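Single-letter residue listing:
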Amino acid sequence: MATLSMHNGLVNKTLRSVAMRKRTIEEVQEVFTKLYPPIFLFRGSPSVTISNLKWVLAYLVQEGYVNQEVTRYLEKPLKHDTKVYSLSIKGVGYLSKKR
């Protein structure tokens, strides 16, 4: 994870895809794909893979920009424990900064 930084495009795009509402990694991937659609030839596939998202989200959690929880309930009961992600105060502050 030493190669990642907040100046990395994938890190910034992932941070923008995480919201205050708790989301699973699949929901983060769906939002990411809506915000940053793939190029024309790959329209049917997501913009980013789950493994890349796991890597970036682990970095964002480590740095304090994203909160991670394990839950069995979101809007409806889930069958197993699931990691969910939401923006932390530090993440909101970073996204609110004027560039």
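Relevant structure appears above.
Just so you know, these numbers come straight off a predicted model, no measurement behind them.

**Student:** If you had to explain the packing of aromatic side chains to someone new, which residues and values would you point to?
**Tutor:** Overall, the coordinates contain two aromatic pairs when judged by the stated rule. Measuring from centroid to centroid gives 5.4 Å for Phe32 and Tyr36, while their planes differ by 55 degrees, and the two rings are tilted. Taking relative accessible area as the criterion, Phe32 reaches 4% and is therefore assigned buried. A relative accessible area of 22% places Tyr36 in the partly exposed class. For the pair Tyr65 and Tyr94, a centre-to-centre distance of 5.5 Å together with 70 degrees between the ring planes defines the contact as edge-to-face. Placement of Tyr65 in the loop between α3 (50–63) and β1 (66–73) and of Tyr94 in helix α4 (residues 89–96) is noted, with a sequence separation of 29 residues between them. Each member of the pair, Tyr65 together with Tyr94, is buried. Taking NZ or CZ as reference, Lys13 lies 5.1 Å from the ring centre of Tyr36, over its face.

Parameters and conventions
Residues numbered from 1 in each chain as written. Predicted model: local features only at pLDDT ≥ 70, side-chain atom pairs only at ≥ 80, totals over all residues. Heavy atoms only, no water. Phe/Tyr/Trp six-rings, centres within 6.5 Å; stacked < 30°, edge-to-face > 60°. Buried < 20%, exposed > 50% of the residue type's maximum accessible area, 1.4 Å probe, protein only. Helix = DSSP H or I, 4+ residues; strand = E, 2+ residues; numbered from the N terminus. Lys NZ or Arg CZ within 6 Å of the ring centre and 35° of its normal.

Everything listed here is a matter of geometry and, on its own, says nothing about what the molecule does.
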